[in-house]
Amino acid sequence: DFLPIKTLLLASGSLDATIRIWNPANGGSCLRLIYGHINHVTAITAFADEHGRIRLASASSDATVRLWDLDNDNDDPDEITM
């Protein structure tokens, strides 16, 4: 699937339960720090939703999958408990 992204960004999950969004084009600076999990972030994937918004799905060892809207600065995720 094609993601309509204008700039290459990287997302990383961490042992501190955060997600970081990085811009490798400007020296690798962290653009955004996302809080929401309460345990290690173990997996991340990006996709465009049915409205063309860039979304990020993150999984954690806290037994949740959270869906983030990267086009929105609100860090309120949709949550799926496993």
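Residues numbered from 1 in each chain as written. Predicted model: local features only at pLDDT ≥ 70, side-chain atom pairs only at ≥ 80, totals over all residues. Heavy atoms only, no water.

### Examining the pattern of salt bridges
When the charged atoms of two side chains lie near each other, side chains of opposite charge can form a pair. Tallied over the full model, the rule gives three salt bridges. For the salt bridge of Asp69 with Arg53, the shortest nitrogen-to-oxygen distance reads 3.4 Å. You can see Asp69 sitting in strand E6 (residues 64–69) and its partner Arg53 sitting in the loop between strand E4 (41–48) and strand E5 (54–60), a full 16 residues away along the chain. Residue classification places Asp69 among the buried positions, given a relative accessible area of 16%. On the basis of relative accessible area, Arg53 is assigned to the partly exposed category, the value being 32%. Through salt bridges with shared partners, a single ionic network connects Asp49, Arg53 and Asp69. (Salt bridge = Lys/Arg side-chain N within 4 Å of Asp/Glu carboxyl O. Helix = DSSP H or I, 4+ residues; strand = E, 2+ residues; numbered from the N terminus. Buried < 20%, exposed > 50% of the residue type's maximum accessible area, 1.4 Å probe, protein only.)

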